[in-house]
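What follows is each chain in one-letter form.
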Amino acid sequence: MKRNFLARLNRNGIYYISGGLLLLIGVPLYQFLALIPQGYNTVLPLASGGQFGAYLLWIGGHAAQYAGYRLLQMLAFALLLSLPFTLFRIIVAQEVLGREEDAEAEKQPQARDGELGEDEESENADHDTATQDGMPEFAWRGKGFAVLAAWGGLLGIIFFLIGTLASTLYTVVVATGVTATTPPPASFPVLAGTFAITANTVGGGLLAIASLFFGAMIARSGLKLWPGIWVAFGYVALALAALFSGSAVGVASAPTAGQAPLTTPAFLLFAAWVLWFGVMLVRLKPEP
């Protein structure tokens, strides 16, 4: 693993720690300090039950606090945009390293003094075409599930950001026109539900796929290839996939509610998982 690649991992780890802390502590703390004292916890169940008038009236009077809450969520996810491909590169690099170690162990008995075997020549050729990450140029070949996980994770984050941003802008704009005598437009439940599906069903569903494939890739190799803490990290990813899947189905079943009972646990576990990943990256050191 080259030093520039390691430095990039350390830097990305700081981003992921920041995003994880925002999701795990910052967003709930903001909600507790800025929203709940203003009555947000009173009107939110009304919106979940389809009574949008009181909910929009509250947002109309507290637009800045509401927008700040959503912006914190989006900022946290924006810090995680590079995470899926960072984890993808680590998995590929680890498997390439394991393959090279196995090949080295197999060829040692056949090595002759003063000569390079065919395997060694091939290995040198691979290193000649290595990328800046220190991996062979086509190391990703045969890693279809890891590729799907990386793209699924990236698209899941993007869909969450798009859905959350659209929902925030639309809700704030509509709330400015709602009064005690002016009900919300009839189209509001449909559009609000569409944005919720975009963020939590499409985005959450893609994150579930990414978590499932990443977790399966790590758990498949187990302690043979990964340290124990990484194996545990992989199994937590499988649990995360189950929570995200349940949340995605729940929101799709009742989109006007905005979220399902499993949505909050899924995002809290995701925040802890991201924080865990960030700490492991920051602690990576170059080999002596």
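None of these values were measured; they are calculated from a predicted model.

**Q** Lay out the overall build of the chain with the relevant residues and their values.
**A** The secondary structure content of the chain amounts to 10 helices and zero strands. The secondary structure elements of the chain, listed N-terminal to C-terminal, are α-α-α-α-α-α-α-α-α-α. Buried positions account for 42% of the 288 residues belonging to the chain. Contacts spanning at least 24 positions in sequence make up 81% of the contacts within the chain whose residues lie at least 6 apart. Looking at the chain as shown, the accessible area adds up to about 14500 Å², and 65% of this sits on carbon and sulfur atoms.

**Q** Report on the confidence of the model for the chain, specifying residues and quantitative values.
**A** For the chain, per-residue confidence averages 86 on the pLDDT scale, and residues scoring 70 or more make up 83% of the total. Here residues 112-129 scores under 50 on pLDDT; set against residues more than four positions off or in separate chains, the count is 11 contacts.

**Q** Explain helix α10 (residues 263-282) to me, and be specific about the residues and the numbers.
**A** Look at α10: 29 Å from first C-alpha to last across 20 residues, which is about the 28 Å you get at 1.5 Å a residue. What α10 keeps buried is the set T263, A266, F267, F270, A271, W273, V274, L275, F277, G278, M280 and L281.

**Q** Lay out a nonpolar patch on the surface in plain terms, naming residues and giving numbers.
**A** On the surface, a cluster of nonpolar side chains totalling about 690 Å² of accessible area is made up of L21, L24, I25, L29, F32, L33, I36 and L268. With six residues, the single largest contributor to the nonpolar patch is helix α1 (residues 3-35). The topology assignment puts L268 in helix α10.

**Q** Let's hear about the pattern of salt bridges: which residues, and what values?
**A** One pass over the structure, following the stated rule, counts one salt bridge. Note that E95 and R220 form a salt bridge whose closest N and O atoms lie 3.0 Å from each other. Highlighted residues: E95 in helix α5 (residues 83-107) and R220 in helix α8 (residues 188-221), separated in sequence by 125 residues. By relative accessible area, R220 is classed as exposed at 55%.

**Q** Any chance you could break down the environment of P265 for me, citing the residues and the numbers?
**A** You can see P265 is positioned in helix α10. In this structure P265 comes out as partly exposed when scored by relative accessible area, which is 35%. Spatially, the C-alpha atom of P265 lies 9.0 Å from that of S247, the residues being 18 residues apart in sequence.

**Q** Outline the packing of helix α9 (residues 228-253) against α10, listing residues and values.
**A** Interhelical geometry of α9 versus α10 gives an angle of 155 degrees and a closest axis separation of 9 Å. Considering the angle they form, α9 stands roughly antiparallel to α10. In this structure, α9 meets α10 at a crossing whose hand is left-handed. For the pair formed by α9 and α10, the contact residues are I229, W230, A232, F233, V236, A237, A239, L240, L243, F244, S247 and V251 on the first element and T263, P265, A266, F267, L269, F270, W273, W276, F277 and M280 on the second. Tallied by class, the residues present in the contact of α9 with α10 amount to 20 nonpolar, two polar and no charged.

About the cut-offs
Residues numbered from 1 in each chain as written. Predicted model: local features only at pLDDT ≥ 70, side-chain atom pairs only at ≥ 80, totals over all residues. Heavy atoms only, no water. Helix = DSSP H or I, 4+ residues; strand = E, 2+ residues; numbered from the N terminus. Buried < 20%, exposed > 50% of the residue type's maximum accessible area, 1.4 Å probe, protein only. Contact = heavy atoms within 4.5 Å. Areas by Shrake-Rupley, 256 points an atom, 1.4 Å probe, with all protein chains shown as cover. pLDDT = per-residue confidence, 0-100. Expected span 1.5 Å × (residues − 1). Patch = residues over 30% accessible without salt bridge, like charges linked within 9 Å, V, L, I, M, F, W, Y side chains within 5 Å. Salt bridge = Lys/Arg side-chain N within 4 Å of Asp/Glu carboxyl O. Axes fitted to C-alpha atoms, helices over the stretch in contact; angles between N-to-C directions. Parallel < 35°, antiparallel > 145°, perpendicular 65-115°, else oblique. Left-handed = near helix turned anticlockwise from the far one by under 90°. Nonpolar A, V, L, I, M, F, W, Y, C, P; charged D, E, K, R; others polar.

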